[in-house]
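Read off the chains here:
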Amino acid sequence: MTLLAREPCTFQAVEVRTALREYAFNRNRREAAPPEAAAILRWVKRNTPTMAVWEDADGVEDLLEALDTKLDGTPVAASTVKRNRRILNVMVQYAIRRGVLRARGPVPKPPQRWTSGA
């Protein structure tokens, strides 16, 4: 929700998260989204910023803070924070390796992986 351009007016935040988790992020179910979820996903697509948000230090700080809280504003468990940050780190490293995100600004450059010469 933190990365969206604006808050949804006609949907609840929990409905947006559910539609993303159950359909957008699930390749096997993406085409089977019911009309309500499909409408939410169209709205999310229209209100999703470009990858340039990852080059804004304040935006990244807001996202990191959002990872530590539930939708109702209460803190999540420490294990959830650790898992979410690990997932975010893998995603950012993947985006940098694929050239979708530049390795500068607030996002750390991923370490070079050792490969054998064989």
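Structure first, text after, so check above.
No experiment lies behind these values; they were computed from the predicted model shown.

Calculation criteria
Residues numbered from 1 in each chain as written. Predicted model: local features only at pLDDT ≥ 70, side-chain atom pairs only at ≥ 80, totals over all residues. Heavy atoms only, no water. Helix = DSSP H or I, 4+ residues; strand = E, 2+ residues; numbered from the N terminus. Buried < 20%, exposed > 50% of the residue type's maximum accessible area, 1.4 Å probe, protein only. Contact = heavy atoms within 4.5 Å. Areas by Shrake-Rupley, 256 points an atom, 1.4 Å probe, with all protein chains shown as cover. Salt bridge = Lys/Arg side-chain N within 4 Å of Asp/Glu carboxyl O.

A.B. asks: Hey, could you go over the overall build of the protein chain for me, with residue numbers and the actual values?
C.D. replies: Looking only at helices and strands, one finds four helices and zero strands in the protein chain. Ordering the α and β elements of the protein chain from the N terminus gives α-α-α-α. Every one of the 118 residues in the protein chain was classed for burial, and the buried ones make up 25%. For the protein chain, restricting intrachain contacts to residue pairs at least 6 apart in sequence, the fraction spanning at least 24 positions comes to 48%. Of the accessible surface of the protein chain, which amounts to about 8,800 Å², a share of 53% is contributed by carbon and sulfur atoms.

A.B. asks: With reference to specific residues and values, describe the pattern of salt bridges.
C.D. replies: One pass over the full model with this rule turns up three salt bridges. Glu-22 is the salt-bridge partner of Arg-29, the closest N and O atoms lying 2.8 Å from each other. A relative accessible area of 25% places Glu-22 in the partly exposed class. In this structure, Asp-68 engages Arg-85 in a salt bridge whose closest nitrogen and oxygen atoms are separated by 3.1 Å.

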